[in-house]
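As a plain string of letters, each chain reads:
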Amino acid sequence: MNDDQLLRYSRQIMLPQVDIAGQETLLAARVLIVGAGGLGSPAAMYLAAGGIGQLVIADHDTVELSNLQRQLLHHDSDLGRNKAASAKDTLAAVNPGLAITAIPEKLAGKRLATETAAADVVVDCSDNFATRFAINRACVEHRTPLVSGAAVRFEGQLAVFDKRQDENPCYRCLYEEGHNEDETCTDNGVLSPVVGIIGAMQALEALKLLLSIESNSVGRLQLFNGLTSEWRTLTLSRDPACPVCGTGQAQQAATD
Ligand SMILES: [Zn+2]
């Protein structure tokens, strides 16, 4: 780190859990953020400001006027632009020293696999189940830790799935595929800080994963109620019959 970097990250380096070594880890890290909307905005901005050396942000969508109430990566002058491109400009203005890649397309298939394999952490800021299941499958396959978030109305949820340890659950252990109706902010509304709270929590969990700071969030579902400002925590267990992460155990059972 040069003198500017030491000063820029000094309030983080002060923390014994980070220190110079931890900040260097962050500067060498690569994080994939899927979705540059309400969750992706605070998540990406904190990760950029915090010094994640390589940020990859994917979004195929276009900035619309109704996004600006909560999607802080985008400004009035960005209306009509691709969200990933707009996000890249904002993040580069926050922290010019980073390598930021904008993927202006729906991340799927081979590109999703490649980007997930290359990432140290994936932050899922998407708004639909199909994408969440696809991201989860890629993360399980490549053993990339996944920080999942969702928010609608006054409600938010957060979970960390870390399949570097086989015994941990994956997203598919929690949700049945194909029976979920997407609840989007477009259809249901959302109070703007609710996405901010969940997105900022996603950044916090991503940083802890990168810094190897032990987190209670792995394998737990945390539910935020914005009306009461209360959190509820549910412990998740791995589903041995999970079609995504359950095969190892099935094989194990067969050989026993
Ligand atoms: Zn699973």
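Shown above is the structure to which this text applies.
Not measured: the values here are computed from a predicted model.

Rules used throughout
- Residues numbered from 1 in each chain as written.
- Predicted model: local features only at pLDDT ≥ 70, side-chain atom pairs only at ≥ 80, totals over all residues.
- Heavy atoms only, no water.
- Helix = DSSP H or I, 4+ residues; strand = E, 2+ residues; numbered from the N terminus.
- Rg over C-alpha atoms; globule rule 2.2 N^0.38 Å.
- Buried < 20%, exposed > 50% of the residue type's maximum accessible area, 1.4 Å probe, protein only.
- Contact = heavy atoms within 4.5 Å.
- Areas by Shrake-Rupley, 256 points an atom, 1.4 Å probe, with all protein chains shown as cover.
- Pairing = 2+ DSSP bridges.
- Axes fitted to C-alpha atoms, helices over the stretch in contact; angles between N-to-C directions.

A word on the overall build of the chain. For the chain, the count of helices and strands is eleven helices and eight strands. A compact globule built from 256 residues would reach a C-alpha radius of gyration of about 18 Å, and the chain, at 18 Å, matches this within 12%. Dimensions of the chain, computed from C-alpha atoms along their principal axes, come out at roughly 60 × 45 × 40 Å. A burial count over the chain gives 49% of its 256 residues as buried. Look at the contacts in the chain between residues 6 or more apart in sequence, and 64% of them connect residues 24 or more apart. Split by element, the accessible area of the chain, about 12,300 Å² in all, is 51% carbon and sulfur.

Ordered by their spatial adjacency, eight strands build an open sheet running E3-E2-E1-E4-E5-E6-E7-E8, and the pairing between neighbours is mixed. Whereas interior strands pair on both sides, the edge strands pair on one side only; in this sheet they are strand E3 (99–103) and strand E8 (230–235). Across the sheet, the mean angle separating the axes of adjacent strands is 15° when strand polarity is ignored. Pairing geometry for strand E4 (residues 121–124) and strand E5 (residues 146–152), over three bridges, is parallel. Residue pairing for E5: Val122 is matched across the bridge by Leu146. Of the strands in this sheet, strand E1 (30–34), strand E2 (54–58), E3 and E4 touch helix H6 (residues 109–118), which is tilted by about 140° from E1.

So, to be careful, I would describe these as geometric facts and stop short of saying anything about function.
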